[in-house]
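# Residue-level structure breakdown
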Amino acid sequence: MGAATPEALIAAYGEAINTHRFAVVAPLIAQDASFWFNDGSHLGIAAIRDAFEATWARLVDERYWLEDLIWIVKGQDIAACRYRFCYTAVVNGDVQSGAGRGTCIVERRVQGWVIVHEHLSALA
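The structure reproduced in this document is the subject of the present report. Just so it is clear, the model here is predicted, and its values are computed rather than measured.

For an α-helix the count is 3.6 residues per turn, leaving residues at separations of three or four pointing the same way. Spanning 14 residues, helix α3 (residues 45-58) covers 20 Å between terminal C-alpha atoms, matching the ideal 20 Å at 1.5 Å per step. All of the buried residues along α3 are I45, I48, A51, F52, T55 and W56. Along the axis of α3, the buried positions cluster into a sector of 130 degrees, meaning they face one direction only. Buried-residue contacts for α3 involve α1 (6-17), α2 (22-25), β1 (29-37), β2 (40-43) and β3 (60-74).

A few words now on the packing of aromatic side chains. Applying the stated criterion across every chain, the model contains six aromatic pairs. The interplanar angle of 90 degrees and the centroid separation of 5.9 Å between the aromatic rings of F35 and F37 together place this pair among those described as edge-to-face. Between F52 and W56, the aromatic rings sit 5.4 Å apart at their centres with planes inclined by 65 degrees, giving edge-to-face as the arrangement. You can see F52 and its partner W56 sitting in helix α3, four residues apart, about one turn around the helix. Accessibility classification places F52 together with W56 in one group, the buried group. The ring of W65 carries R63 above its face, with NZ or CZ at 4.3 Å from the centroid.

Basis of the calculations
- All residue numbers refer to position in the chain's written sequence, counted from 1.
- Totals for whole chains, interfaces and linings use every residue, but because this is a predicted model, local features are given only for residues with pLDDT of at least 70 and side-chain atom pairs only at 80 or more, for both listing and counting.
- Side-chain measures were taken over the full set of non-hydrogen atoms in the model, leaving aside hydrogen atoms and water.
- Here a strand is any run of E in DSSP of at least two residues, a helix any run of H or I of at least four, and the numbering for each starts at the N terminus.
- A helix's residues, less one, multiplied by 1.5 Å, set its expected span.
- Each residue is placed in one exposure class: buried if its accessible area under a 1.4 Å probe, protein chains only, is under 20% of its type's maximum, exposed if it is over 50%, and partly exposed if it falls in between.
- What the arc describes is the spread of directions from the helix axis to the C-beta atoms.
- The contact rule is simple, with two residues in contact once any of their heavy atoms fall within 4.5 Å.
- We call Phe, Tyr and Trp rings a pair once their centres come within 6.5 Å, taking the six-membered ring for Trp, and we label the pair stacked below 30 degrees between planes, edge-to-face above 60, and tilted otherwise.
- For a ring to carry a charge above it, either NZ of a lysine or CZ of an arginine must fall within 6 Å of the ring centroid while also lying within 35 degrees of the normal to the ring plane.

Function-wise, these values are silent; they only describe arrangement.
Dropping the structure here:
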């Protein structure tokens, strides 16, 4: 089930990611969504689940959050935002942190607002 507003969706998404349980994240993502990450493009909920689970396996105890979120456009049925994403995690026994750029497109569907596209990339 999606969220009541685009803002509520993105807030819930950030919280859901930190549970490290895709069953909590999945209701916020459209079944036909596309996610583009540095490691490739992931089309559809099954491929997106695989990408999330691989990331969580690699980034132990990851904490993820968004900063500097700006809504580029907000309409009745579609909205887009950009942000800086940040994380801390244990990688190979060492605590690491990082950040990158993100863009998210959300759409209002029957079940509420859901993510239809996300693009994350490392900072240049």
